[in-house]
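The primary structure of each chain is shown beneath.
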Amino acid sequence: MRSFAFICGQESSGEQVIRFDHVCKRYPERGDALSDLSFEMEAGEMVFLTGHSGAGKSTLLRLIGLLERPSRGQVIVNGRNLATLPRGKIPYHRRQVGMIFQDHRLLPDRSVFENVALPLVVAGLGHKEIGRRVRAALDQVGLLKRERALPVALSGGEQQRVGIARAVVARPPLVLADEPTGNLDPDLSREIFALFERFHAVGVTLMIATHDLARVGDFHHRTFVLSEGRLIKDTGVC
Amino acid sequence: MARPQSRRRSGPSLLELPGAWLGHHLQSAAATLGRLLHAPLATGMTVAVIGIALALPAALYVLTDNLRQLVGGWDQGAAISLFLHQDLSDADAQGVAGRLREWPEFRRVQVIGAAAALAEFRAQPGFAEALDQLSTNPLPAVLAIAPQPVYATPAEIAGLEERLGQLPEVDFVRVDTQWLMRFQAILDLAQTLVLLLAGLLGLGVLLIVGNTIRLEIQNRRGEIEIMELVGATASFIRRPFLYAGAWYGLLGGLSAWFLVTLAVVALQGPVSRLANLYRSEFPLAGLGAVALLIILGGSMALGLIGSWIAVNRHLRGVEPD
Ligand SMILES: Nc1ncnc2c1ncn2[C@@H]1O[C@H](COP(=O)(O)OP(=O)(O)OP(=O)(O)O)[C@@H](O)[C@H]1O
Ligand SMILES: [Mg+2]
């Protein structure tokens, strides 16, 4: 069994990591993608975000990663109100949030190693430290032997795991995943969720948007159900 | 395989930071150069265009520089002729010349005694018979004066003419300023042309680099977006583009220097042959070290400014989605 102690999230301590306060997101062409959304998430929690297509799951995650700004209301992450975060501080906010996408978002002309190293390079870490951490992260997702490969040479599940390694390599306390298993068969998807489960075990705060209700049923974690941009169900902390 | 890693989260230590920062810059500069050289054709085209653009004013500068030297060799003859009063002896003329040699403005004061002047005339075909008709030497002693090059401007010469005319021994002063003025005007014109051309083509270089960087930003849009997603600062993303601009400028400046040097080497033969026909020698001067430094520094600055403009205009539009 692999050890995941390298990921250092906070222990569940009652510390608030995310707070949404009457958040609305309106797209001029479409209307409200999210309306009057309020919830809180504590450090070390693992939350599934479900709901029909177009319910606003991606929009919610994008607000946390500051890829989008709310039309109304406030998003507070790690005690910081994102609305008042100056432009120059956004990169430092994003370093605290590991993001995983359904389409992986890997650089096609860079090796697996270089893709995973990107957050560390960007943060200005030294060569040795980068090599050490990237290999540790690749080891955790079981891709240590593929570090020289280009993303196209990998299967969908492998590419997704590279995306996951990149999201956690800088040890962010918060990890967001947007349909990380959308294209994967049940076995692979189980494998990916097991990976998240292990991150959770070492204290990382996770929010995972997914359609994969079978997987959600496997675990007993807090689950949000979104519909038409509203939070219609919150199972609460389990 | 179990591998316990107890190390907790830690950033680079404070001591490492300045080294890492400098190292990052050097690495970024080297990596950018490597990337440019990886596409030799595209890079070569851009560099060649910059080189040609900069070679034009540089070549014109070399031309005026050489002309100036050529004329420096010309003013062997006096620019000022001082005709002394007829009744002064050659010895008196030597006395005046001695005093004038003390003047800092003059490079050379040469006495042409009355007898010598007559002999010179006599040597001209047809003059001998005419001079024989005269019982006395009609020619005065003349002082041929060459001013120092710094005083060889029309304004300075006019001032000298005035002062020399007031000397009691002097009958009249004749100054041959015409050619000086003309030549000065030509040099001024050429110099202005060099500046104009340098300004215009410098602007061209700015646009070339700006456009090249703009295209590069477009091509690497996806990469930039992902870098922003993982927390790259604006300056981190800007840096390689700025380095690319500086490299384009520097390489362009080097190729301009290479082109001009090539032209000087190619022209040296014909110029030497021409000079030989005039029983003279004329080694062409190329771009000096100072001019080379100015070209390299200037072209690098132009590349940097060009890419800076492009980066500020076009990177703002790149947001991750
Ligand atoms: N950039 C945008 N411009 C306009 N409308 C948008 C934009 N992004 C999202 N929307 C709209 O907002 C709504 C919520 O979109 P979102 O992507 O959050 O849904 P989702 O729950 O992630 O759906 P899916 O499960 O299909 O990914 C959708 O109706 C979508 O059309
Ligand atoms: Mg979505």
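Worth saying up front: this structure is predicted, and the values here are computed from it rather than measured.

A closer look at the overall build of chain B
Next up, step 1: Within chain B, the regular secondary structure consists of ten helices and four strands.
Next up, step 2: Starting at the N terminus and ending at the C terminus, chain B contains elements arranged as α-α-β-α-β-α-α-β-α-β-α-α-α-α.
Next up, step 3: Relative to its length of 321 residues, chain B is extended, with a C-alpha radius of gyration of 33 Å against a globular reference of 20 Å.
Next up, step 4: Judged by the C-alpha coordinates and their principal axes, chain B covers about 125 × 40 × 35 Å.
Next up, step 5: Relative to its full complement of 321 residues, chain B shows a buried share of 38%.
Next up, step 6: Long-range pairs, those at least 24 residues apart, make up 82% of the contacts in chain B with a sequence separation of at least 6.
Next up, step 7: Distance from the positive charge centre (23 side chains) to the negative charge centre (25 side chains) of chain B: 20 Å.

Focus: the site of ligand 1
All names here are of chain A.
Next up, step 1: Not every one of the 14 residues close to ligand 1 is listed here, only the nearest: Arg 30, Ser 53, Gly 54, Ser 58 and Thr 59.
Next up, step 2: Within the contact set of ligand 1, an oxygen atom lies 2.8 Å away from a side-chain nitrogen or oxygen of Lys 57.
Next up, step 3: The side chain of His 211 places a nitrogen or oxygen atom 2.9 Å from an oxygen atom of ligand 1.
Next up, step 4: Protein contact buries 66% of the 630 Å² of open area that ligand 1 shows by itself.
Next up, step 5: Residue composition of the shell around ligand 1, grouped by class: three nonpolar, seven polar and four charged.

Re the layout of surface pockets
Next up, step 1: Empty space within the largest pocket amounts to approximately 1,300 Å³.
Next up, step 2: Taken together, 40 residues make up the lining of the largest pocket; nearest its centre are A:Val121, B:His24, B:Gln27, B:Ala31 and B:Phe236.
Next up, step 3: For the lining of the largest pocket, the secondary-structure elements that each account for two or more residues are α2 (90-95), α3 (112-122) and α4 (127-140) of chain A together with α1 (16-38), α7 (178-219), α8 (221-229) and α9 (234-277) of chain B.
Next up, step 4: For the lining of the largest pocket, the element with the most residues is α1(B), which contributes ten residues.

Structural notes on the environment of A:Gly56
Next up, step 1: Its location among the elements puts A:Gly56 in the loop between β3 (46-51) and α1 (57-64).
Next up, step 2: Apart from residues lying up to four places away in sequence, A:Gly56 is in contact with A:Ala33, A:Leu34 and A:Leu226.

Here's the deal with the pairing of strand β3 (residues 142-147) of chain B
All names here are of chain B.
Next up, step 1: For β3, the buried fraction is high: six of the six residues fall into the buried class.
Next up, step 2: In β3, alternate side chains face the same way, and those of Val 142, Ala 144 and Ala 146 on one face and Leu 143, Ile 145 and Pro 147 on the other are all buried.
Next up, step 3: The pairing of strand β1 (residues 80-84) with β3 spans four bridges and is antiparallel. When the bridges of β3 are listed, Ser 81 appears paired with Ala 144.
Next up, step 4: In this structure, strand β2 (residues 106-112) lies alongside β3, joined through six bridges in antiparallel fashion. Bridged to Phe 106 within β3 is Pro 147.

Remarks on the pattern of salt bridges
Side chains carrying opposite charge are able to pair once their charged atoms draw close together.
Next up, step 1: For the structure shown, the criterion picks out 21 salt bridges over all chains.
Next up, step 2: A single network of salt bridges, built from pairs that share partners, joins A:Lys25, A:Arg62 and A:Glu68.

Considering the pairing of strand β9 (residues 222-227) of chain A
Residues and elements named next belong to chain A.
Next up, step 1: Examined bridge by bridge, β3 and β9 share five bridges and lie parallel to one another. Its bridge partner lying in β9, Leu 49 is registered against Phe 224.
Next up, step 2: The pairing of β9 with strand β10 (residues 230-234) spans four bridges and is antiparallel. Looking across to β10, one finds that Val 225 is bridged to Lys 233.
Next up, step 3: Between β9 and the antiparallel strand that follows it, β10, lie two residues; Glu 228 among them carries a positive phi value of about 50 degrees.

Focus: the sheet that holds β3(A)
All names here are of chain A.
Next up, step 1: Sheet architecture is open: six strands sit in the order β6-β7-β8-β3-β9-β10, paired in mixed fashion. On the outer flanks of this sheet lie β6 (97-100) and β10, each paired with one strand and no other. When the angles between neighbouring strand axes are averaged without regard to direction, this sheet yields 20 degrees.
Next up, step 2: On top of the sheet, helix α5 (residues 156-168) reaches β6 and β7 (174-178); it is set at about 170 degrees to β6, its chief contact.

What about the sheet that holds β2(B)?
All names here are of chain B.
Next up, step 1: Ordered by their spatial adjacency, four strands build an open sheet running β2-β3-β1-β4, and the pairing between neighbours is antiparallel. In the strand order of this sheet, the two ends are held by β2 and β4 (170-175), each with one partner. Mean inter-strand twist for the sheet, computed between neighbouring axes without regard to direction, equals 20 degrees.
Next up, step 2: Along the sheet, helix α3 (residues 90-101) contacts β1, β2 and β3; its crossing angle with β2, the most-contacted strand, is approximately 180 degrees.

Examining the packing of α9(B) against helix α10 (residues 289-314) of chain B
Residue and element names in this part refer to chain B.
Next up, step 1: One can describe the packing of α9 onto α10 by two numbers: an axis separation of 7 Å at closest approach and a directional angle of 150 degrees. Between α9 and α10 lies a crossing whose hand is right-handed. From α9, Arg 238, Phe 241, Leu 242, Gly 245, Ala 246, Gly 249, Leu 250, Gly 253, Leu 254 and Trp 257 reach across to α10, where they touch Leu 292, Ile 295, Leu 296, Ser 299, Met 300, Gly 303, Leu 304, Ser 307, Trp 308, Val 311 and Asn 312.
Next up, step 2: Split into classes, the residues belonging to the contact of α9 with α10 amount to 13 nonpolar, seven polar and one charged.

Let's talk about the packing of α3(A) against α5(A)
Residues and elements named next belong to chain A.
Next up, step 1: With their axes 7 Å apart at the nearest point, α3 and α5 run at an angle of 30 degrees to one another. In terms of their interaxial angle, α3 and α5 are classed as roughly parallel. For the element pair α3 and α5, the recorded crossing hand is right-handed. Counting all contacts with α3, which are made through Val 112, Asn 115, Val 116 and Pro 119, the residues of α5 involved are Val 162, Ala 165 and Arg 166.
Next up, step 2: Among the residues making up the contact of α3 with α5, the classes are represented as five nonpolar, one polar and one charged.

A few points about the confidence of the model for chain B
Next up, step 1: Mean pLDDT over chain B: 84, with 90% of residues reaching 70 or higher.
Next up, step 2: Complex prediction metrics read pTM 0.74 and ipTM 0.87.

Each value, and the rule that gives it
For every chain, the first residue of its written sequence is number 1, and the numbers climb from 1 along that sequence. Written order decides the labels, with chains lettered from A and ligands numbered from 1. It should be noted that, the model being predicted, local features are given only for residues of pLDDT at least 70 and side-chain atom pairs only at 80 or more, the latter also being counted only at that level, while totals for whole chains, interfaces and linings use all residues. The basis for every side-chain value is the complete set of heavy atoms in the structure, and neither hydrogens nor water enter the calculation. A run of H or I in DSSP counts as a helix once it spans at least four residues, and a run of E counts as a strand once it spans at least two, with each numbered from the N terminus. Only C-alpha atoms enter the radius of gyration, while the globule expectation follows 2.2 Å times N to the 0.38, with N the number of residues. Relative accessibility decides the category of a residue: with a 1.4 Å probe and only protein chains considered, values under 20% of the type maximum give buried, values over 50% give exposed, and everything between is partly exposed. Should any heavy atoms of two residues lie within 4.5 Å, those residues are counted as being in contact. None of His or the chain ends enter the tally, which takes Lys and Arg as positive and Asp and Glu as negative. For this purpose, a charge sits on NZ of Lys, CZ of Arg, CG of Asp or CD of Glu. Think of it this way: one heavy atom of a residue within 4 Å of a molecule or strand is enough to make that residue near it. We define a polar contact as two N or O atoms separated by no more than 3.5 Å, with the added condition that, inside protein, one atom must be a possible hydrogen donor and the other a possible acceptor, whereas residues neighbouring each other in sequence contribute only through side-chain atom pairs. Here the open area of atoms and residues is found with the Shrake-Rupley method and a 1.4 Å probe, where only the protein chains shown may cover a residue. Side-chain classes follow a simple rule in which Ala, Val, Leu, Ile, Met, Phe, Trp, Tyr, Cys and Pro form the nonpolar group, Asp, Glu, Lys and Arg form the charged group, and the remainder, Gly included, forms the polar group. In this analysis a 1.4 Å probe is tested at points of a 1 Å grid over the protein atoms alone, and where it fits but cannot get out there is a cavity; an open set with protein on both sides within 12 Å along at least five of seven lines is a pocket; lining residues have an atom within 4 Å of a point. Grid points are joined across faces, edges and corners, and a volume is the space filled by probe spheres set on the points. Two strands pair under a simple rule: DSSP has to find at least two bridges between them. Salt bridge criterion: a side-chain nitrogen from Lys or Arg within 4 Å of a carboxyl oxygen from Asp or Glu. Convention adopted: a line fitted to C-alpha atoms gives each axis, helices being fitted over their contacting stretch, and angles between N-to-C directions are expressed from 0 to 180 degrees. Throughout, a crossing is termed right-handed when the near helix is turned clockwise from the far one, and left-handed when it is turned anticlockwise from it by less than a right angle. Should an angle lie under 35 degrees it is considered roughly parallel, over 145 roughly antiparallel, and from 65 to 115 roughly perpendicular; all remaining angles are considered oblique. Each residue carries a pLDDT score, the predictor's confidence in it, ranging from 0 to 100.

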